[in-house]
Amino acid sequence: MPNVSIIVPIYNSEDYLVECLDSLINQSLQEIEIILINDGSSDNSGRICNQYAKNDNRVRVIHKKNEGVSIARNTGISIARGNWITFVDSDDWIDIKMCELAYETSIQENADFIFCNNFCNYPTKEIEMTMFDDDKKTFSGNDIKELQLLIIDSLRLGVNFVSNLTFPWGKFIKRETLKKLKNNLFPPELKWGEDQLFNLNFLQETNKAIYVNKKLYHYRLHGDSLSTAFCSDRLDICNKYIKLLWEFIEQNYKGDKEFVTAFNARIYYITIFLIRVYFCHKDNKAPIFKRIKELDMLLKSEPYITALSSIDMKCYKTRKKIFLFFARNRISPALFLLGLVNDF
C-alpha cells in the first residue's frame, strides 16, 4: 500500500502537465501513487498521462467525460489507496521533498492534517507566501476553529493576504479523516468555492493539524484560470456557494459571532469578485445599463444588504473603504466604474 496518494485533476493542461508530472514521479518519497483524472480533455493531456503511466507503474490514469474539477477530485478520492491524500493542480508543481517531509511530519506528530507554504509563480516573477512565522505550529481543539475562520476570512492574517488554506493543494489529509465526510466531499454542483467548503468540512473532522513553515508548492498564476474566466452563470454559482457556506455555519457554529463576522467579510470579497469577473468582465456582452441594473438588484438582496452594512471599515485601506461606502449605499454606477478600472 502506498504511503501517499497524489490526486491530479486534469483538463486541457498540455502546456504545463509535463512539468507537473515530472515533479511528482521524482519525489524523494518513493512509496506513492499518482492518480491522474483526465476530465474529458480535448488536447494532448490524455496522451501525456498514458505515457507516464506506461513508464511508471505508480501512475494510474482515469479517463472520463468532462464533469468538472469537484467530481474529478472525488473520483480520485474514491480509488485512492494511500494512508495520506494530497491534491496537485495540473498546471502547478511541487518541491521534490514535499511528500517525504509531510509524511515524516505526520508520523512524528500523529496528526490528521499537514499543511505548508507556497510560491505564487507568475509568468515573470515568483512570490513567497508565508502564513505563520513559526517553524512548526500545532492546531488542535479550538485552534481548528481558527483555521476554519481563516478559510472564510483571510483578512484575519492581515490586509490583502490570501491564505492558501482556501485551496485544496499544499495539504496532506489522512484518508481515514476523509472517510468520515461521506457526502461532504467536493460539492459537484459548484464550479467555484468548492475547495473552501471541502476544507471547512474536513477540518470539522480533524483532531490535530500541523503547519510546516516550508515553501513546498508552486502555484502557477496565468491568464487561463477558470476562476477569472467569464461565466454567464457566475452569479448563480456564487449564490449557491454562499448558501452552502451559510448552511455549514448554521450546522456547526450556529450563533457564533466570529463566524457571522467572517461570513459577512466573505460576502464583501464575493461582491468585489463578481464586479471584476462578471459585471465588468470584457467578455460580458450584455449592455452596460443592464449590467448596472443587475448589480443594483444584487446589492438590494440578502445576504448582501446585511453583510455589507455590518462590516467594520477599520480593517480596510482607503480604496476598499470607498468601495464599501458605494456598495452599502447601492451607488451601482460608481461601483461599475471602479470595476472597469480595477481600482479597489
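Scroll up to find the structure.
As a convention, each chain's residues are numbered from 1 in the sequence order in which they are written. Given that the model is predicted, a residue must reach a pLDDT of at least 70 before its local features are reported, and side-chain atom pairs must reach 80 or more before they are shown or counted; all residues, however, enter totals for whole chains, interfaces and linings. To get the side-chain values, take all heavy atoms of the structure and skip hydrogens and water.

1. Overview of the pattern of salt bridges
As a reminder, the rule being used: For this document, the term salt bridge refers to a Lys or Arg side-chain nitrogen within 4 Å of an Asp or Glu carboxyl oxygen. Note on conventions: DSSP H or I runs of at least 4 residues are helices, E runs of at least 2 residues are strands, and numbering of each starts at the N terminus. Burial classification: accessible surface area is computed with a 1.4 Å probe over protein chains only, and a residue below 20% of its type maximum counts as buried, one above 50% as exposed, and the rest as partly exposed.
Counted under the stated rule, the structure contains 21 salt bridges. With a closest N to O distance of 2.8 Å, Asp-39 and Lys-64 form a salt bridge. Of this pair, Asp-39 sits in strand E2 (residues 32-39) while Lys-64 sits in strand E3 (residues 59-64); the two residues are 25 residues apart in sequence, bridging distant segments of the chain. According to the relative accessible area criterion, Asp-39 is buried, its value standing at 4%. Here Glu-109 makes a salt bridge to Lys-136, at a shortest N to O gap of 3.3 Å. On the criterion of sequence distance, the pair formed by Glu-109 in helix H4 (residues 98-109) and Lys-136 in strand E8 (residues 136-140) is long-range, its members being 27 residues apart. Overlapping salt bridges, with partners in common, bring together Glu-33, Arg-60 and Arg-81 in one network.

2. Notes on the packing of helix H12 (residues 318-328) against helix H13 (residues 332-341)
Put simply, the rule is: Throughout, an axis means a line fitted to C-alpha atoms (over the contacting stretch in the case of helices), and angles, computed between N-to-C directions, take values from 0 to 180 degrees. Rotating anticlockwise by less than a right angle from the far helix to the near helix defines a left-handed crossing, while the corresponding clockwise rotation defines a right-handed one. Whether two residues are in contact is decided by their heavy atoms: any pair within 4.5 Å suffices. Note on residue classes: Ala, Val, Leu, Ile, Met, Phe, Trp, Tyr, Cys and Pro are nonpolar, Asp, Glu, Lys and Arg are charged, and everything else, Gly too, is polar.
With their axes 8 Å apart at the nearest point, H12 and H13 run at an angle of 145° to one another. You can see that H12 and H13 cross each other, and the crossing is left-handed. In this structure, H12 contributes Phe-323, Phe-326 and Ala-327 to the contact, and H13 contributes Ala-334, Leu-335 and Leu-338. Of the residues that constitute the contact of H12 with H13, the class distribution is six nonpolar, no polar and no charged.

3. A few points about the side chain of His-218
Threshold: In protein, a polar contact requires one atom able to donate a hydrogen and another able to accept it; more generally it is a pair of N or O atoms within 3.5 Å, and residues adjacent in sequence count only if both atoms are side-chain atoms.
Mapped onto the elements of the fold, His-218 is located in strand E10 (residues 208-220). Within the structure, His-218 has its side chain in polar contact with the side chain of Asn-121 (distance 3.1 Å). His-218 has contacts with Asp-92, Trp-93, Phe-119, Asn-121 and Glu-126, leaving out every residue within four places of it along the chain.

4. With respect to the layout of surface pockets
Put simply, the rule reads: Space inside and on the surface of the protein is sampled on a 1 Å grid over the protein atoms alone, with a cavity defined as a set of points where a 1.4 Å probe fits but cannot get out and a pocket as an open set with protein on both sides within 12 Å along at least 5 of 7 lines; lining residues have an atom within 4 Å of a point. Grid points are joined across faces, edges and corners, and a volume is the space filled by probe spheres set on the points.
By volume, the second largest pocket is sized at about 350 Å³. Lining the second largest pocket are 17 residues, with Asn-183, Asn-184, Asn-201, Phe-248 and Gln-251 sitting closest to its centre. Of all elements in the fold, only helix H7 (194-204) and helix H8 (234-253) reach the threshold of two or more residues within the lining of the second largest pocket. If one sorts the elements of the lining of the second largest pocket by residue count, H8 sits on top with five residues. Here the residues of the lining of the second largest pocket are counted per class, giving eight nonpolar, six polar and three charged.

5. A closer look at the packing of aromatic side chains
Keep this limit in mind: Working definition: rings of Phe, Tyr and Trp (its six-membered ring) pair if their centres are within 6.5 Å, and the pair is stacked with planes under 30 degrees apart, edge-to-face with planes over 60 apart, and tilted otherwise. In this scheme, the term charge over a ring applies when either NZ of a lysine or CZ of an arginine sits within 6 Å of the ring centre and within 35 degrees of the ring normal.
Inspection of the entire model under this criterion finds 24 aromatic pairs. Here the aromatic cluster, defined as three or more aromatic residues joined through ring pairs, consists of Phe-87, Phe-113, Phe-115, Phe-132, Phe-139, Phe-186, Phe-198, Phe-202 and Tyr-211. Note that Lys-125 overlies the ring of Tyr-122, its terminal NZ or CZ placed 5.4 Å from the centroid. In this structure, Lys-171 packs its charged tip against the face of Trp-169, placed 5.7 Å from the ring centre.

6. Observations concerning helix H2 (residues 45-55)
To keep things clear, this is the line we draw: Directions are taken from the helix axis to each C-beta atom, and the arc is the one they span.
Considered for burial, the residues of H2 that qualify are Ser-45, Gly-46, Ile-48, Cys-49 and Tyr-52. Across the axial projection of H2, the buried residues extend over an arc of 160°, all falling on one side. Opposite its buried face, H2 presents the exposed residues Arg-47, Lys-54 and Asn-55, each directed more than 90 degrees away. In this structure, the buried residues of H2 make contact with strand E1 (4-10), helix H1 (17-25), E2 and E3.

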